[in-house]
Amino acid sequence: MACTTILIGKKATYDGSTIVARNEDSPNGQFEPKRLVVVRPEEQPRTYTSTESHLSIELPDNPMRYTAVPDAIPGHGPWAAAGFNELNVGMSATETITSNPRVLGADPLVKYQPAQGTEGEPGYVPARPGGIGEEDMVTLVLPYITSARDGVKRLGELLERYGTYEMNGIAFSDVDEIWWLETVGGHHWIAKRVPDDAYVTMPNQLGIDYFDLADAEGDAVEHMASADLRSWMREHHLDLTLIRPEVIDDIYEDLYYEYAEDDLDDDDAFEDSEDASDDEPDFLDVLDDVRERVLAGDIFNPREAFGSHSDSDHVYNTPRAWYMQRCLNPRDRWDGSAAELTPESDDIPWARVPERKLTVEDVKDVLSSHYQGTPFDPYGYKGTPASRALYRPIGINRNGQLAVLQLRPYADEAWRAVQWMAFGSNPFNALVPFYANVDELPEYLGNTTARVTSESFYWANRLIAALADARFHENSAAIEGYQEKMAAAGHAMLHRTDAEAAKLAPEKVSEQLAAANDQLADELKRATEELLGKVLYTTSCAMKNGFAMSDNER
């Protein structure tokens, strides 16, 4: 899917949560209806067959309950998208990513091959199943994993055994860690732990830009990979790192003396270093270690080795990473001739430390964005008509759903997991929270079918967006008021219900969480219908067949 992802480590969030968020977007010209559901153990298949690849996989007999955001119209697989299982492990799958011909030639994608000829006749070749893909991954993995790290391991084993027919990025989270896995060719993969004090931005492009093979092959503290990654890369000459010891030594010396000068100039820094814990590595020790690992071939840039730098990336992918980081690190130089990074830069960092702690509202803002304040905003007045249509927005007409997976360390395990949801085009919708540890979720978010009706949260948002887009500025105040009202109601519901749940016997908690979800959904339905009425009125007044004169005034 044409999606956009942001991941935020626990020390970079406002409340210590791990946060995983992803827009699920349909291809151009398609609008795939979505719904929010709970999948119970008895509803989980024991033999899973992929619609796309015709692959059948036997599944364990002990699945957990999990939440999911599947396609609402049956016929082409679950596409379960995102959710939590009973152990508060989250998964979001997938972000379609890019590759290059060298990788795809070294490990071809595993695509379904239809039968050739007629069975029983000479020359008949039976059909060959393909690998696994976005359609399948949440269903195959989430009900069975006990941690984010365990999710990487299970999906990695499935990829090595069955292969995949497409390139994807997948996020796993628990209360302590977030891991990001990227598929490489048909059977290979890499995974990296998101730094606790950083956020990660992912458009539809292979993103990881620093990888330590020695760690992946050893303790796997921050890196994991398919077992033969190093030998496979060597065999096919995939590592593009240009190792020139004299250049590395020059960089090393510059960093060494810069650090030494800063340390001498800053008495506080010196005192801090004296007081530092013995188990915290000194910067210069880390620098020495990195130098040795680079020279040994342990460290490389996967984005260079496995990814792409195409013209289409520069209009479709890199501008989205540029704008998200522009919002979250605004003091950097983003514009003009002095800009450190531009919308078409190939070296936009995979992860970086934000200027302040980030909130759920920050996540919603960047995943709704359309280059506001730049010449590239399709609703803006800056630039030219050509510049305003130059880059693919994040908040696009074909956003299907946004799931924000939040794990709150201060909350009891029984109500720790919160799945914030929005449907439809993000500039026009509201993001609201729902407790995930329940047996049933509100009908308003789960009743989506092919029938267009304002009784469905998905379809109501689609109607609002289509109407409001035509008169964007006239409708913006009503939409912003709706978004703020529902976000505030969501936070209030969480505060209130957390306190109420703490007073209950454990067996009563799930019922209380479900009731709170339903109450918020009822409020959401009323507010959404009210907004639909306002937008319909505003846009109706601006219809081209309007006329100022009327008779029969009342």
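Criteria and thresholds
Residues numbered from 1 in each chain as written. Predicted model: local features only at pLDDT ≥ 70, side-chain atom pairs only at ≥ 80, totals over all residues. Heavy atoms only, no water. Pairing = 2+ DSSP bridges. Helix = DSSP H or I, 4+ residues; strand = E, 2+ residues; numbered from the N terminus. Axes fitted to C-alpha atoms, helices over the stretch in contact; angles between N-to-C directions. Salt bridge = Lys/Arg side-chain N within 4 Å of Asp/Glu carboxyl O. Buried < 20%, exposed > 50% of the residue type's maximum accessible area, 1.4 Å probe, protein only. Phe/Tyr/Trp six-rings, centres within 6.5 Å; stacked < 30°, edge-to-face > 60°. Contact = heavy atoms within 4.5 Å. Polar contact = N/O pair within 3.5 Å; in protein donor to acceptor, adjacent residues only side chain to side chain.

**Q** Could you clarify how one ought to interpret the sheet that holds strand 14 (residues 223-225) in this entry?
**A** Adjacent strands of a sheet pair through backbone hydrogen bonds, lying either parallel or antiparallel. Strand order in the open sheet formed by six strands is 7-8-9-10-11-14, and the pairing between neighbours is antiparallel. Edge positions in the sheet fall to strand 7 (82-84) and strand 14, since each has one partner strand and no second. Adjacent strand axes in the sheet meet at a mean angle of 15°, parallel and antiparallel pairs treated alike. With three bridges joining them, strand 11 (residues 188-193) and strand 14 adopt antiparallel strand pairing. Residue Ile 190 lies in a different strand from strand 14, and its bridge partner there is Ala 225.

**Q** I would appreciate a short explanation of the pattern of salt bridges in the present structure.
**A** Two side chains with opposite charge may pair up if their charged atoms get near one another. Using the criterion set out here, one finds 24 salt bridges in the structure. Across the pair Arg 392 and Asp 25 runs a salt bridge whose closest N-O atoms are separated by 2.8 Å. With Arg 392 in the loop between helix 12 (360-367) and strand 17 (399-407) and Asp 25 in strand 2 (residues 18-25), the pair connects residues that are 367 residues apart, well separated along the chain. Classification of Arg 392 as buried rests on a relative accessible area of 6%. The exposure class assigned to Asp 25 is buried, which follows from its relative accessible area of 0%. One salt bridge in this structure joins Asp 196 and Arg 193, with 3.1 Å as the shortest N-O distance. In this pair, the class of Asp 196 matches that of Arg 193, namely buried.

**Q** Any chance you could explain the packing of aromatic side chains here in plain terms?
**A** Two measures describe an aromatic ring pair: the distance that separates the ring centres and the angle between the ring planes. Within the structure shown, the criterion is met by 17 aromatic pairs. Geometrically, the ring pair formed by Tyr 379 and Phe 428 is edge-to-face, given 6.3 Å between the ring centres and 90° between the ring planes. With Tyr 379 in the loop between helix 12 and strand 17 and Phe 428 in the loop between strand 18 (417-423) and strand 19 (432-435), this residue pair connects regions lying 49 residues apart in the sequence. The pair Tyr 379 / Phe 428 is uniform in exposure class, with both members buried. Through a chain of ring-to-ring contacts, three or more aromatic side chains come together here, namely Trp 322, Tyr 323, Trp 334, Tyr 371, Phe 376 and Tyr 391.

**Q** Teacher, can you tell me more about the environment of Gln 419 here?
**A** Among the structural elements, Gln 419 can be located in strand 18. Judged by its relative accessible area of 1%, Gln 419 falls in the buried class. Put simply, Gln 419 and Ala 82 are 337 residues apart on the chain and 9.0 Å apart in space, counted from C-alpha to C-alpha. Excluding its chain neighbours within four sequence positions, the residues that come into contact with Gln 419 are Leu 36, Thr 67, Val 69, Ala 82, Gly 83, Phe 84, Ala 403, Val 404, Leu 405, Val 432, Pro 433 and Phe 434. A distance of 2.7 Å separates the side chain of Gln 419 from the side chain of Thr 67, its partner in a polar contact.

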